[in-house]
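# Coordinate inspection notes
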Amino acid sequence: MDEYIGDGNAFATPDLWKTSTLADFNQDSTELIALRLEPLVDLSNGQEDVFGISKSLDLHLPDLSTFQYGPLEDLGGLDSSSISSAPESFEFPEVFEEDIWSFPRSDEKGQTFAKFKSWETFYDKDFKEPQAVYISEGGPRVFDAALDTSFESTAEDGSSQGPSHVIQSGPIIASLLQLGLGRESMLYRYNQDKHSFCPCIEDGRMSGYSLEAFKSLSSTFVELGNQTRGIRSFVDDTQASSRSSPALVALAGSFSTILATVQAEIGNASDSSLSLLQLQSLFERPGLVLTWLSDIIRKSNGVNTDEDLLSRLFEAVEDSEHTAAWLRPMVFQVLASASKPWLESAGDWLGLKTNSGFRNQGQSPNFVKVTEEARKVEDWGEVKEFEYEFEPVSMPSFIAEEDAQTMFETGRSLRMLDAHQPEHPLLRPALESLIEIPNLEWQCSWAQVEKIQAKAKEYELNLQKAIRDFDSHGRNTPLKHEHTKHSKQNKLEITGLSEETAKAYISASITTFEKPLPDLNAGVGDTTSNLSTFDSCGINDTPEEEIFAPPISLLPVLSFNPLVSAQAHLINRACLRLLFKEHNLRSHFSILHRYSLFGDGVFASRLSHALFDPELPTAERRKGHSRAGTSGLKLGSRDTWPPASSELRLALMGILTDSYWDTGLRESASLFREKLPGGLSFAIRDMSEYELQRCMDPNSIEALDFLRLQYKPPSPLDAVITPNSLLKYDAVFKLLLRAVRMLFVVSQLFQDTKDRARRTDYTSQRFRIESHHFVSAICSYFFDGVQANRSILERKLKDIEKALDRDGTDSMSNLRDFHEQLLDRMMFTLILRKRQAQVMKLLEDIFSLILHFARHIRSEASGLISDADKTTDVEQIYEKFKKKVHVFISVCRGLSEQRGQGGTTAHNEFHDLSRNEEMSEDGGNTIGQLLLKLEMSGFYAR
């Protein structure tokens, strides 16, 4: 087999069982004796020079047996023939260069190369292969000649289609390359009327392609050129316009970077000559990019705000999630670049910037509406205050509604903290430069998500340490609350900090200055690196972190929530500590309960006597009568109404101040009493003309509706006790004042009936007893409902204070919402909701009948009514009273049978409310309690 030399005969069968020439096989045994390995060259026969080894170059080493130490013998000089000053000239053997793709041939030496073999020549050695008859194997010239022949035949038949013009491949390839990049060339020009590139030679084609095939291929490049030109026009118009929004300008900048990268990548790849198909393959991935950018431009037409633009851009990013893995980095980079202005504005609102730009109260993101109003402050005069309202329609769609509300509340709380505690570590510029503040940025991989979570945790821990140090050492001197603009102090403020903390801050500052400066072109480099993977990155080359990247729908939550949650936690805790520890929020809630909700018995008793007691001296101005001393309005015992302002002031004078200062709220009562908290005082309610007319009747249920309590919580408590909640307190106060009046009236009926001459009027006796029972049950239900909701609020406030002591927290917005929901619950219990207006109207009619009966009793005692009319009027009023009460109880019984408005779980619901369970607006199923108080024995049901 070793002697066999192949001649190219692929069908020859060699002797596969021939013994190798290297093996010596013994004929007498079946074992292989040895391998005959003979030296190829015999060095003993003087063949040393075969490999270029000369004896003249042997080393003259001494014999070790006769070697003695001493001076060495002269070894003689080197052979002069081995030394040459001129370099030797080497002649390289001639290498025969052969094109491996050329057909087999015979060289001049007569060596025969391998021949083509086929099955036909295997059976018949004289067989000759036929010539190719396919036109595609004849080359492009044959194909062009066939096309020309076809055009000539169609022209003879009368067809109007003529032959096409064949253009050299070099100019066509160069023109199509420029066309794909959106540039004009010798063969393609941009038509302004058609808004498209058009060929200069309509019937021009490339050799080897039909006109239809060439137009089909060139249309792809025309579309790419139109897209490139449209993108470049969008970039130029956006950057030149003064009305362009920041996000739109950032988007145009990213598009410009992409176009530059596309041109650079295609320019580098098109240095060598390309075929038409290779050129088409070169533009495949850039074509997808340009198509995606064109879709973004089309979707962004007509947008007016950055938030709308970002919402549409995020939707486009979501749509491209499953298109191509290599497109994902570029898509995210475009989204990050366009979102950067909005994220910087949101970070400024949240206080996540190293400068103090957020202190400019008048500037805010689009989702915050700022209104300026002037307010008079004692010892400061008129100052400007800013009110912030949340605009959810101006928030991008990728921000969840709950997260958007958290961002708004966090920024508003931060500005409240800035107005009342400007030296807080969350606001001090000295600390901002020492604690690294992460930025709001898009995180596109799980590694980046974990990194931002670690940064947010570290940021929170560092600020918590600074806040604890500030709470421990930073309150030695009182804080001055500035109502003017804050100015940044260009000095190192370490007053109030411990020595260890100050040293730590200085050391951190030195470390910060020792860090290298950031690369200003880092962002551009990242964009270029992400966009330069059109041609080099395949599907199998996609990095693992991109293959297993987070879903795009979860990216907003994973990217922004860690930092927003950490900042919200810090700010909420600081604000709640400010409200509870510095401004004593619980005492103001106590004031509202004591006076607006009649929780103070001394105040309720004194107010009741000042308004209704007929035995007090009148405060009405009369000739010859002095109004010195305690006086009252004597409602129900007089015919003139309403009282004058001086009369009202005299009757109510001292009720609020005496009840506040004499109940031990102040540790040491001074001789010159200060003003009540929140400017607590009586005032006249703003009423319509119709409401004023109803107040003119002293015997109507609306006679005291003009009287109200005026209270305005001081800043910053107005962030929790809002104007909306004060309106609800006012509505409850008006109802409870009516209830106090009715209690006084039914109690006075016993005294009036004792003075009557006739003792046999059983109708009046029954009316008095039933009206007393009805009013007592209603008022007991009202005051029990108020006290139950007050207990829930007290437990909530205690839980928040305990959480503050344990480094736990709640949010100020949650406390405000909890307070307002609790007031809604209370109003439902007191039948004050709008959908309960018919029930309240029925209750007012019953109260009016009782007041009519009381007036009738007083008139009868004074002799103004005849005996014949006495019984008739009482019976008529009593019949109306029974009917109204029966209807009222029937309505309440129907309400108790509805879901969430009746039953026996009221007590448990009141107790479970403060444990973060569902707070229903229906008052906690208290209608059943009212029915139980009104008719335990089912008297009115008979």
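For clarity, every value in this text was computed on a predicted model and none was experimentally measured.

Okay, the overall build of the chain next. The helix and strand inventory of the chain stands at 28 helices and 10 strands. Out of the 942 residues belonging to the chain, those deemed buried represent 41%. Sequence separation of 24 or more characterises 70% of the internal contacts of the chain that already satisfy a separation of 6 or more. Split by element, the accessible area of the chain, about 55600 Å² in all, is 52% carbon and sulfur.

Secondary-structure assignment places Met 696 in the loop between helix 21 (689-695) and strand 10 (707-710). Sequence spacing of Met 696 and Thr 640 is 56 residues, and the spatial spacing of their C-alpha atoms is 8.6 Å.

Before going further, it helps to examine the packing of helix 5 (residues 246-269) against helix 7 (residues 284-300). Close contact between helix 5 and helix 7 brings their axes to 11 Å; oriented N to C, the two are set at 160°. One element, helix 5, and the other, helix 7, form an angle in the roughly antiparallel class. Relative to helix 7, the crossing made by helix 5 is left-handed. Residues Leu 251, Phe 255, Ile 258, Leu 259, Val 262 and Ile 266 of helix 5 touch helix 7, and the partners they reach there are Pro 286, Val 289, Leu 290, Leu 293, Ile 296 and Ile 297. A breakdown of the residues in the contact of helix 5 with helix 7 according to their chemical character gives 12 nonpolar, no polar and no charged.

This brings us to the side chain of Gln 836. With respect to the helices and strands, the residue Gln 836 is situated in the loop between helix 24 (812-829) and helix 25 (837-862). Taking relative accessible area as the criterion, Gln 836 reaches 6% and is therefore assigned buried. A polar side-chain atom of Gln 836 sits 3.4 Å from the main-chain amide nitrogen of Leu 832. Not counting residues up to four positions away in its chain, the partners in contact with Gln 836 are Met 827, Phe 828 and Ile 831.

Before going further, it helps to examine the pairing of strand 4 (residues 188-191). Burial along strand 4 is one-sided: the face carrying Tyr 188 and Tyr 190 is buried and the face carrying Arg 189 and Asn 191 is not. Bridging between strand 4 and strand 5 (residues 196-199) involves four bridges; their strand directions are antiparallel. Among the inter-strand pairings, Tyr 190 is bridged to a residue of strand 5, identified as Phe 197. Taking the residues between adjacent antiparallel strands as the criterion, strand 4 and strand 5 are bridged by four residues, where His 195 takes a positive phi near 55°.

The next thing to look at is the packing of aromatic side chains. Summed over all chains, the structure comprises 28 aromatic pairs. Where Phe 234 meets Phe 255, the ring centres are 5.8 Å apart and the plane angle is 50°; that geometry is what we call tilted. Here Phe 234, found in helix 4 (residues 211-240), pairs with Phe 255, found in helix 5; they are 21 residues apart in sequence, far enough to count as distant. The exposure class of Phe 234 is buried, given its relative accessible area of 12%. Ring-pair connections join several aromatic residues into one group, and the members of that group are Phe 314, Trp 342, Trp 349, Phe 367, Tyr 388, Phe 390, Phe 398, Phe 408, Trp 442 and Phe 560. It is Arg 229 that lies over the ring of Tyr 190; its NZ or CZ is 4.1 Å from the centre. Against the face of Phe 818 rests Lys 796, its NZ or CZ located 5.1 Å from the ring centre.

Their axes nearest at 11 Å, the elements helix 17 (residues 585-596) and helix 23 (residues 762-805) cross at an angle of 175°. Taken together, the axes of helix 17 and helix 23 lie roughly antiparallel to each other. From helix 17, Arg 586, Phe 589, Ser 590 and His 593 reach across to helix 23, where they touch Gln 787, Arg 790, Leu 793, Glu 794, Leu 797, Lys 798 and Glu 801. Split into classes, the residues belonging to the contact of helix 17 with helix 23 amount to three nonpolar, three polar and five charged.

Attention now goes to a negative patch on the surface. Where like charges cluster on the molecular surface, the negative patch consists of Glu 373, Glu 387, Glu 389 and Asp 718. Tracing the backbone through its elements, the reader meets Glu 389 in strand 8 (residues 381-390). Residue Glu 389 is classed as partly exposed on the basis of its relative accessible area of 40%.

A separate point is the nonpolar core. Of all hydrophobic cores here, the largest spans 199 residues; its most connected members are Leu 251, Phe 255, Trp 292, Phe 774 and Phe 888. Per-element tally for this core: the top contributor is helix 23, with 14 residues. Residue contacts for Leu 251: discarding those within four places in its chain leaves Phe 234, Ile 296, Leu 309, Leu 313, Val 334 and Ala 338.

The next thing to look at is the state of the cysteines. Defined simply, a disulfide is a covalent bond joining two cysteines at their sulfur atoms. All chains considered together, the criterion is met by zero disulfides. Cys 198 takes part in no disulfide bond, and the closest cysteine sulfur to it belongs to Cys 200, at a distance of 9.0 Å.

Before going further, it helps to spend a moment on unusual backbone geometry. For the peptide bond that leads from Trp 641 to Pro 642, omega is 0°, which places it in the cis range. Among the secondary structure elements, Pro 642 is positioned in the loop between helix 18 (601-612) and helix 19 (645-652). Of note, the bond from Ser 715 into Pro 716 is cis; its omega dihedral lies within 30 degrees of zero at 10°. Looking at the element boundaries, Pro 716 is found in the loop between strand 10 and helix 22 (723-754). Of note in the backbone geometry, Asn 584 takes a positive phi value of approximately 50° without being a glycine.

Once that is clear, we can look at a nonpolar patch on the surface. Together, Trp 119, Phe 122 and Tyr 123 make up an exposed nonpolar region whose accessible area comes to about 430 Å². Turning to its location among the elements, Phe 122 is positioned in helix 1 (residues 119-123).

One pass over the structure, following the stated rule, counts 28 salt bridges. With its nearest N and O atoms 2.7 Å apart, the salt bridge here joins Arg 816 to Glu 409. Highlighted residues: Arg 816 in helix 24 and Glu 409 in helix 10 (residues 401-420), separated in sequence by 407 residues. The two residues Arg 816 and Glu 409 agree in class, both being buried. For Arg 790, the salt bridge goes to Glu 794, with nearest N and O atoms at 2.2 Å. Highlighted residues: Arg 790 and Glu 794, both in helix 23, separated by four residues, approximately one helical turn. For Glu 794, a relative accessible area of 17% gives the class buried. It is possible to trace a salt-bridge network through shared partners that takes in Arg 586, Arg 790, Glu 794 and Glu 801.

Considered for burial, the residues of helix 19 that qualify are Glu 647, Leu 648, Ala 651 and Leu 652. The arc that holds every buried residue of helix 19, seen down its axis, measures 115°, which confines them to one face. Among the exposed residues of helix 19, those pointing more than 90 degrees away from its buried face are Ser 645 and Arg 649. Looking at the packing, one finds that the buried side of helix 19 touches helix 18, helix 20 (655-661), strand 9 (681-684) and strand 10. Positive phi shows up at Gly 654, right after helix 19, with a value of about 85°.

Summarising the model, the chain shows a mean pLDDT of 76, and 68% of its residues fall at 70 or more. For the stretch residues 27-57, pLDDT sits under 50, and the model shows 24 contacts to residues farther than four places along the chain or on other chains. Note on residues 476-496: pLDDT under 50 across the span, and 24 contacts to partners over four residues away in sequence or across chains.

What follows covers the environment of Glu 450. With respect to the helices and strands, the residue Glu 450 is situated in helix 12 (residues 446-473). Residue classification places Glu 450 among the exposed positions, given a relative accessible area of 55%. Considered as a pair, Glu 450 and Ser 559 are 109 residues apart in the sequence and their alpha carbons are 9.6 Å apart.

Conventions and cut-offs
- The numbers attached to residues start from 1 for each chain and follow its sequence in the written order.
- Whole-chain, interface and lining totals are the exception, using all residues; otherwise, since this is a predicted model, local features are given only for residues with pLDDT of at least 70 and side-chain atom pairs are given and counted only at 80 or more.
- The basis for every side-chain value is the complete set of heavy atoms in the structure, and neither hydrogens nor water enter the calculation.
- Helix and strand labels come from DSSP, where a helix needs a run of H or I of at least four residues and a strand needs a run of E of at least two; each type is numbered from the N terminus.
- For every residue, the accessible area obtained with a 1.4 Å probe (protein chains only) is divided by the maximum for its type, and the residue is called buried under 20%, exposed over 50%, and partly exposed between those limits.
- Throughout, a residue-residue contact means that at least one pair of heavy atoms, one from each residue, lies within 4.5 Å.
- Reported accessibility uses the Shrake-Rupley method at a 1.4 Å probe radius. Residues are deemed covered only where the shown protein chains occlude them.
- In this analysis, axes come from line fits to C-alpha atoms, helices being fitted only over the stretch in contact, and the angle between any two N-to-C directions falls in the range 0 to 180 degrees.
- We call two directions roughly parallel when the angle between them is under 35 degrees, roughly antiparallel when it is over 145, roughly perpendicular when it lies between 65 and 115, and oblique otherwise.
- In this scheme the crossing of two helices becomes right-handed for a clockwise turn of the near helix relative to the far one and left-handed for an anticlockwise turn of less than a right angle.
- Polar here means any residue outside two lists: the nonpolar Ala, Val, Leu, Ile, Met, Phe, Trp, Tyr, Cys and Pro, and the charged Asp, Glu, Lys and Arg; Gly therefore counts as polar.
- Throughout this description, a polar contact denotes any pair of N or O atoms lying within 3.5 Å of each other; where both atoms belong to protein, one of them has to be capable of donating a hydrogen while the other can accept it, and for residues adjacent in sequence the pair is counted only when both atoms sit in side chains.
- By the convention used here, strands pair only if DSSP detects at least 2 bridges between them.
- Ring pairs shown here join Phe, Tyr and Trp side chains whose ring centres sit within 6.5 Å, with only the six-membered ring taken for Trp; geometry is labelled stacked below 30 degrees between planes, edge-to-face above 60, and tilted in between.
- Any Lys NZ or Arg CZ found within 6 Å of a ring centre and within 35 degrees of that ring's normal is scored as a charge over the ring.
- For patch building, the residue pool is restricted to those with more than 30% relative accessible area and no salt bridge; the joining distance is 9 Å between like charges and 5 Å between nonpolar side chains (Val, Leu, Ile, Met, Phe, Trp, Tyr).
- For this analysis, a salt bridge means a side-chain nitrogen from Lys or Arg found within 4 Å of a carboxyl oxygen belonging to Asp or Glu.
- The charge count includes Lys and Arg as positive and Asp and Glu as negative, but it does not include His or the ends of the chains.
- The atom standing in for a charge is NZ when the residue is Lys, CZ when it is Arg, CG when it is Asp and CD when it is Glu.
- Among buried residues, those of type Ala, Val, Leu, Ile, Met, Phe, Trp, Tyr and Cys that are joined through side-chain atoms within 4.5 Å constitute a nonpolar core.
- A pair of cysteine sulfur atoms is labelled a disulfide when the two atoms are within 2.5 Å.
- The arc in question is formed by the directions pointing from the helix axis toward the C-beta atoms.
- A residue's pLDDT is the confidence the predictor assigns to it, expressed on a 0 to 100 scale.

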